[in-house]
Amino acid sequence: MSKKIFIKTFGCQMNEYDSNRIFDTVKKIGYNRTNIYEEANCYVLNTCHIRDKAKEKVYHEIGRVKKIFRSKNKPLVIVAGCVAQAENQEMLKREPYIDLVIGPQSYHEINNKILNFIKKKEKSETIEFEADDKFDYLSKIKNEMSEVSSFLTVQEGCDKFCHFCVVPYTRGPEYSRPFQQILDEAKHLVDNGVKEIILLGQNVNAYKHNNYRLSNLILEIEKFSKIERVRYTTSHPKDMSEDLIEVYKHSKKLMPLVHLPIQSGSNKILKLMNRKHLISDYLKIFEKLKIINSKIEFSSDFIIGYPGEEEKDFNDTLDLIKRIKFINSYSFIFSPRPGTAAEDLDLTDKNISASRLEKVQNQLFENQINMHKSLENKILKVLVENLTEDKTQLFGRSEYMTPVIFNSKKADIGKVMLVKIKQSNRTTLFGDVVIDSNQKVA
Ligand code: SAM
Ligand code: SF4
Ligand code: F3S
């Protein structure tokens, strides 16, 4: 009987990348992937610890798996990801249904751990921060992603220690992969048919290997003629170096959407968060990039109700959102994280935070709706990713990552098409492929 693995992923794109790499790894010991719980003889939960009741969600999900397998053979149950790193042995003690706990820098150990468990029924947790070993190992196993748009992790971990954030504790210190190793992986992705590469890191613009920076990676990757688009995420304003800003002048394939989280529009709050930059620094980056290319747009992450946030600080955030006209952004109420500097601070009143979040989201939605309205009757370049779920139309993304749904043929998947936008809503653009390629592109 063939062995089947079910991998459930919570959290950021780096976890998605990791889940795919876990699959590339366990294939070597005979596992095929399944999307059906009941078929699995190995179940991996790749967890996220960034906010809310992350730990409880994990136990809840394991409870679900237990129920599903009540009358079947128990699968091998592995908890991976950031909660695994933070909780390690505690998980094995609290939930005997879990067999293995593996932190995000130890995936290269997964096959040995699985084989060992099958042989000796020995439970274990593995949580070393050995990013070097992990990527050395992974570089020998091909990245089999072949989605039109695929992720490529170039950097992991973080040394910034923002007071609210758990990442430095779950992903360990900042680590940049060797330049050539990344290019080799990119080449393999191109050979698989990938058209867009999204370079990933918890602090991707801090990438540094010997004298190579993120800007060198972007320029090198866009040399692959079959690559249509390059993106990177997530960045920190402090690492928005001159060479990276300059790349927007020279690059032909770097997309004009800059995801640069600011968290708050108030200098007071940025200081309390230990963000290590001012609003004015952010505005300088914004202005420099707008001068280089006025079509560049910004997206961001916001934390609402951070301890100490007063009405004035909150209004500064709203003003900044109106000024920059952020699109495609994320906003969350502050969630205290165990082990971080902000863990025990006095919380902002729940109702006040909820009402501020609503105001911020309404403003962000308004920006988004206006941006999409302004694109109606314009012609956009769309990278076609797939058929829609009902298989009647095509799905792609604009240069700003906005989903676009339009009529065309399946053979267009993987191509950049010109699409005339007919209609829009807050999240999506709808249009038709343009036959007349002389029409002006927005
Ligand atoms: N490195 C990126 C930066 O510095 O902006 C952020 C990466 S973090 C994985 C993604 C986002 O999660 C953050 O930008 C922040 O908005 C949000 N986040 C992190 N910790 C949080 C917390 N304790 N409560 C609420 N949101 C949080
Ligand atoms: Fe977390 Fe980003 Fe701050 Fe690092 S820079 S601690 S990943 S929010
Ligand atoms: Fe979550 Fe870990 Fe990513 S905490 S956001 S999965 S780095």
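Criteria and cut-off values
Residues numbered from 1 in each chain as written. Chains lettered and ligands numbered in written order. Predicted model: local features only at pLDDT ≥ 70, side-chain atom pairs only at ≥ 80, totals over all residues. Heavy atoms only, no water. Near = heavy atom within 4 Å. Nonpolar A, V, L, I, M, F, W, Y, C, P; charged D, E, K, R; others polar. Polar contact = N/O pair within 3.5 Å; in protein donor to acceptor, adjacent residues only side chain to side chain. Areas by Shrake-Rupley, 256 points an atom, 1.4 Å probe, with all protein chains shown as cover. Phe/Tyr/Trp six-rings, centres within 6.5 Å; stacked < 30°, edge-to-face > 60°. Buried < 20%, exposed > 50% of the residue type's maximum accessible area, 1.4 Å probe, protein only. Lys NZ or Arg CZ within 6 Å of the ring centre and 35° of its normal. Axes fitted to C-alpha atoms, helices over the stretch in contact; angles between N-to-C directions. Helix = DSSP H or I, 4+ residues; strand = E, 2+ residues; numbered from the N terminus. Parallel < 35°, antiparallel > 145°, perpendicular 65-115°, else oblique. Left-handed = near helix turned anticlockwise from the far one by under 90°. Contact = heavy atoms within 4.5 Å. Pairing = 2+ DSSP bridges.

(A) Structural view of the site of ligand 3. Around ligand 3 sit Cys12, Asn15, Thr47, Cys48, His49, Ile50, Cys82, Arg171 and Gln202, and those are all the residues in its vicinity. Looking at the shell around ligand 3, its residues break down into four nonpolar, four polar and one charged.

(B) View of the site of ligand 1. Surrounding ligand 1, one finds 18 residues, the nearest of these being Gln202, Gln263, Arg275, Asp301 and Ser335. With respect to ligand 1, the side chain of Arg51 contributes an N or O atom lying 3.4 Å from an oxygen atom. Between ligand 1 and Ser335, the relevant distance is 2.8 Å, taken from a nitrogen atom to a main-chain nitrogen or oxygen of the residue. Its free accessible area being 560 Å², ligand 1 has 91% of it covered by the protein chains. Residues of the shell around ligand 1, tallied by class, amount to eight nonpolar, six polar and four charged.

(C) Representation of the packing of aromatic side chains. Evaluation of the coordinates by the stated rule reveals 12 aromatic pairs. With a centroid separation of 5.5 Å and 75° between ring planes, the pair formed by Phe161 and Tyr169 is classed as edge-to-face. Its relative accessible area of 37% is what places Tyr169 among the partly exposed residues. Here the aromatic cluster, defined as three or more aromatic residues joined through ring pairs, consists of Tyr282, Phe286, Phe298, Phe302 and Phe326. The aromatic ring of Phe332 is capped on one face by Arg51, whose charged end is 3.4 Å from the ring centroid. Taking the ring centre of Tyr59 as reference, the NZ or CZ of Arg94 above it sits at 3.8 Å.

(D) Expanded view of the packing of helix 8 (residues 179-191) against helix 9 (residues 214-221). Viewed as axis vectors pointing N to C, helix 8 and helix 9 meet at an angle of 30°, and their least axial separation amounts to 11 Å. When the interaxial angle is binned, helix 8 and helix 9 end up roughly parallel. Helix 8 and helix 9 meet at a crossing whose hand is right-handed. In contact with Phe179, Ile182, Leu183 and Ala186 of helix 8, helix 9 contributes Asn216, Leu217, Glu220 and Ile221.

(E) Focus on the pairing of strand 21 (residues 416-424). Alignment of strand 18 (residues 379-387) against strand 21, held across five bridges, turns out to be antiparallel. Looking at the pairing, Lys381 lines up with Leu418 of strand 21. In this sheet, strand 22 (residues 429-433) lies alongside strand 21 in antiparallel orientation, the contact comprising five bridges. Bridged to Ser424 within strand 22 is Leu429. What sits between the antiparallel neighbours strand 21 and strand 22 is a turn of four residues.

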